[in-house]
Amino acid sequence: MSIARCHLLLLLLSTWDCVGIHVVNGLENGLARTPPMGWMPFERFRCVTDCVRFPKDCISERLIRRTANLLVSEGYAAAGYRYLIIDDCWMEASRDMATHELLPSEDRFPSGMRNLGNYIHSKGLLFGIYHDLGERTCMFQGPGAARHFNLDARTFANWGVDYVKMDGCFASESELDQGYPEFGRALNHTGRPMVYSCSWPYYKARPDFKLIAQHCNLWRFAQDIQDSMASVTNIMMQYSKKQTELAAHAGPGRWNDPDMLVLGNYHLSYDASRLQLAIWSVIAAPLIMTNDLESVRPEIKNLLLNRDIIGINQDPLGQPGHKVLTSHNIQVWIRPVTPVSNFGKKSFAIAFLNLGGFAECPLCPQVYKVQLYRLGLNSRRGYNVMDLFNRSHNFGLYKPKDSFSTRINPEGVTFYKFSVLPPKG
Ligand SMILES: *[C@@H]1O[C@H](CO)[C@@H](O)[C@H](O)[C@H]1NC(C)=O
């Protein structure tokens, strides 16, 4: 079935089978079978290099060790957040004069990256690092990988790196198109499995997602996230504009990356925090936090540790969801998930959004009501409905012709799992 036909069917809301289309020949390094989960400093800690004035916030081994400890002690690692990824601003300005190897900042990473990697591994975590394909890193802070692909890949392997975030600043379009596959081969040749995160499509006017999915485990398709509802909804809009194409190329081993979870910082309300987490789970996005784990408020921490929602994000079908409906300020986003019935009917995670701004009352909770078959839920035996934010809130059984209503907070979300019934007998 063609993608265009699939899109039409989606519009008619008559079937979900079409979202089963998957590109088979993706990157196969055995990694990222579900979306990677972890932590990255960039949105919160930016490029702070002054450890004298900002000792707790500067990009340093102190921050990384502190975060490693908190990932474990606060229960994040046990919930799945295992990749601890250093973003830009870890390097010295120049390579080693003799060996041309990349050098970590001597002031801020005095023990060296190999020791830091060992420490991260000793906590049961995985070690990620940032690099750039071009002449310089995006913050101008260190040398890019240009002309040193094999050396840098070997350096990372020697340090025990498990995940490489490869940015694309200061590289031309053709350098990107050749460079991303070539650096991926350099990683492969080291023999050390490393998740390969590419910013490739972000730098292209017309990205070739089929090609990108053949070379990368995940790829950034939108601009850097900011700590605001506007930024979250803007990235969601960019996803939904291209969702048929984006979803078709994602699956186990290869994921669309809408950038970090900004939960736990300054500007997302509790409801907006729920919204980002729900949508990132529906679209099978990596769950990479960016926050200070020491000061995440308890109610936000509970969201980040919600096992039911993490279970949707990490669902083994590996099928990303879509926005299926917009009605004024209400949106409905759906992801097919396990369990699957013995007739092949899938279960669904469904997020109902109230983006606010409704004429009658822009910032009120709003009721939305829909017959389930209109959303493509057509298992005649019906669905058991559970509130993903509160598993003790069980709604019981709904048949396809039944109406489901939900009351959604402004700039907020309700999020449910509609599970097909287990086989009879
Ligand atoms: C290298 O690529 C081959 C072929 O796709 C794959 O089987 C192997 O697991 C890869 N090795 C690493 C270390 O990524």
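Residues numbered from 1 in each chain as written. Predicted model: local features only at pLDDT ≥ 70, side-chain atom pairs only at ≥ 80, totals over all residues. Heavy atoms only, no water.

**Brief notes about the environment of Leu353**
- By the element assignment, Leu353 lies in strand S11 (residues 346–354).
- A sequence separation of 155 residues divides Leu353 from Cys198, and the C-alpha atoms of the two residues are 30 Å apart.
- Residue contacts for Leu353: discarding those within four places in its chain leaves Met236, Leu275, Ile279, Asn329, Ile330, Gln331, Trp333, Ile408, Gly412 and Val413. (Helix = DSSP H or I, 4+ residues; strand = E, 2+ residues; numbered from the N terminus. Contact = heavy atoms within 4.5 Å.)

**A look at the packing of aromatic side chains**
- Taken as a whole and judged by the stated rule, the model has 25 aromatic pairs.
- Residues Phe352 and Tyr368 carry aromatic rings whose centres are separated by 6.1 Å and whose planes lie at 45° to one another, so their mutual orientation is tilted. Linking Phe352 in strand S11 with Tyr368 in strand S12 (residues 366–371), this pair joins segments that are 16 residues apart in sequence.
- The class for Phe352 is buried, based on a relative accessible area of 0%.
- Between the aromatic rings of Phe404 and Phe418, the centroid separation amounts to 5.2 Å while the plane-to-plane angle is 70°, which identifies the pairing as edge-to-face. Here Phe418 lies in strand S16 (residues 412–420) and Phe404 lies in strand S15 (residues 403–408), a separation of 14 residues in the sequence. With respect to class, Phe404 is no different from Phe418; both count as buried. (Phe/Tyr/Trp six-rings, centres within 6.5 Å; stacked < 30°, edge-to-face > 60°. Buried < 20%, exposed > 50% of the residue type's maximum accessible area, 1.4 Å probe, protein only.)

**A few points about the site of the ligand**
- Around the ligand sit Glu28, Asn29, Asn188, Gly191, Arg192 and Pro193, and that is every residue in its neighbourhood.
- Within the side chain of Asn188, one N or O atom sits 2.3 Å away from an oxygen atom of the ligand.
- Protein chains shield 49% of the accessible area of the ligand, which is 360 Å² for the free molecule.
- Tallied by class, residues from the shell around the ligand come to one nonpolar, three polar and two charged. (Near = heavy atom within 4 Å. Polar contact = N/O pair within 3.5 Å; in protein donor to acceptor, adjacent residues only side chain to side chain. Areas by Shrake-Rupley, 256 points an atom, 1.4 Å probe, with all protein chains shown as cover. Nonpolar A, V, L, I, M, F, W, Y, C, P; charged D, E, K, R; others polar.)

**Let's talk about the sheet that holds strand S2 (residues 83–85)**
- Read across the sheet, eight strands follow the order S7-S6-S5-S4-S3-S2-S1-S8 without closing on themselves; strand pairing throughout is parallel. Where the open sheet ends on each side, the last strands, each with one partner, are strand S7 (255–257) and strand S8 (287–289). Taken over all neighbouring pairs, the strand axes of this sheet differ in orientation by 25° on average, direction set aside.
- Where strand S3 (residues 126–132) and strand S4 (residues 163–167) come together, five bridges link them in parallel fashion. The residue of S4 that forms the bridge with His131 is Met166. (Pairing = 2+ DSSP bridges. Axes fitted to C-alpha atoms, helices over the stretch in contact; angles between N-to-C directions.)

**Describing the domain arrangement of the protein chain**
- Taken domain by domain, the protein chain holds domain 1 (3–12 + 321–420) and domain 2 (24–313).
- Domain 1 and domain 2 are separated by 31 Å when their C-alpha centres are compared.
- Between domain 1 and domain 2, the residue contacts involve 26 residues of the former and 25 residues of the latter.
- In this assembly, domain 1 packs against domain 2 so that about 2300 Å² is buried in total across both faces, 66% of it on carbon and sulfur atoms. (Domains from an automatic or database assignment. Buried area = accessible area lost by both parts, 1.4 Å probe.)

**With respect to helix H9 (residues 229–241)**
- Along its 13 residues, H9 runs 18 Å from first to last C-alpha, staying within 8% of the 18 Å computed at 1.5 Å per residue.
- Those residues of H9 lying buried are Met229, Ser231, Val232, Ile235, Met236, Gln238, Tyr239 and Ser240.
- On its buried side, H9 packs onto helix H10 (243–249), S7, helix H11 (270–282), strand S9 (322–327), strand S10 (330–340) and S11. (Expected span 1.5 Å × (residues − 1).)

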